[in-house]
Amino acid sequence: MNLIFLGPPGAGKGTIAARLVASAGLEHLSTGDMLREEMKQGTELGKLAKQYIEEGKLVPDSVIIGMVKERLAKTEAGIMFDGFPRTVAQAEALDEIAKIDAVIDLETTVDVVVERICGRRLCKQCGAVYNVKWYSGSTCEKCGGELYIRADDTEETIRKRFDVYLKETAPLVDYYDAKGLVHRIDATGDVNEKVEEIAAIIESVK
């Protein structure tokens, strides 16, 4: 099966998806992670993506869709899409190459998102994610790597990205709702409860 996580930046899409990979038997596909890897390697795609992301804008459809097609061709497992599609046009393109079985809509507010992302810290080595609300260390508990703050994790950029989400991505809820695929989740509660809630949804549509 193929599953889509919708929700603004900071809603918890990546965290929840990563927790569900093993139990759901699906592969986690984060277009954001794929783009950041391109940026880390300093490719032309990475340089272009960095410019768009740091300005709080969406990376062009042609770039994202090409990456997703390439990834789909390399896997036989079902996919949990995280950060894709972002627009109705991308959703229509995805319909041409994959069947979507369920859509999880993680709902939250801009103030919650700002608090979460401004307090976020990432490991340079393994990519683990922490938050200063529950972890005050400067190194990763998993691998000992140095923790850092992403350049685009500023309140101004976060609020701009939230506005972009409402304008360009939120209409996807209506698009998939018309297909009877949307399951709405309040993303402001305890993450463990949300994981269990979504795991039950996955089981119900398998």
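Residues numbered from 1 in each chain as written. Predicted model: local features only at pLDDT ≥ 70, side-chain atom pairs only at ≥ 80, totals over all residues. Heavy atoms only, no water.

Right, let's get into the overall build of the protein. Across its full length, the protein holds 9 helices and 8 strands. Relative to its length of 206 residues, the protein is compact, with a C-alpha radius of gyration of 16 Å against a globular reference of 17 Å. Seen through its principal axes, the protein has C-alpha atoms that stretch 45 × 40 × 35 Å. Counting over 206 residues, the protein shows a buried share of 45%. Of the contacts made within the protein by residues no fewer than 6 positions apart, 71% connect residues no fewer than 24 positions apart. Summed over all atoms, the accessible surface of the protein reaches about 10500 Å², with 48% contributed by carbon and sulfur. (Helix = DSSP H or I, 4+ residues; strand = E, 2+ residues; numbered from the N terminus. Rg over C-alpha atoms; globule rule 2.2 N^0.38 Å. Buried < 20%, exposed > 50% of the residue type's maximum accessible area, 1.4 Å probe, protein only. Contact = heavy atoms within 4.5 Å. Areas by Shrake-Rupley, 256 points an atom, 1.4 Å probe, with all protein chains shown as cover.)

Looking at where S136 falls in the secondary structure, it is placed in the loop between β6 (129-131) and β7 (147-148). As for S136 and Q41, which are separated by 95 residues in sequence, their C-alpha atoms are 29 Å apart.

On the surface, D186, D190, E193, E196 and E197 cluster together into a patch of negative charge. For the negative patch, the leading source of residues is helix α9 (residues 191-205), giving 3 residues. Take D186: it is sitting in strand β8 (residues 182-186). Residue classification places D186 among the partly exposed positions, given a relative accessible area of 44%. (Patch = residues over 30% accessible without salt bridge, like charges linked within 9 Å, V, L, I, M, F, W, Y side chains within 5 Å. Salt bridge = Lys/Arg side-chain N within 4 Å of Asp/Glu carboxyl O. Lys, Arg positive; Asp, Glu negative; His and termini not counted. Charge placed at Lys NZ, Arg CZ, Asp CG, Glu CD.)

Turning to helix α7 (residues 155-169), a few remarks are in order. Between the first and last C-alpha of α7 there are 20 Å, a value that for 15 residues agrees with the 21 Å anticipated at 1.5 Å per step. Of all the positions in α7, only T157, I158, R161, F162, V164, Y165 and T169 are classed as buried. End-on, the buried residues of α7 take up no more than an arc of 165 degrees, which puts them together on one face. Away from its buried face by more than 90 degrees, α7 exposes E156, D163 and K167. Against the buried residues of α7 lie β1 (3-6), α3 (44-54), β4 (102-107), α6 (110-118) and α8 (171-177). (Expected span 1.5 Å × (residues − 1). Arc of directions from axis to C-beta.)

Coordinates in, geometry out; function isn't part of it.
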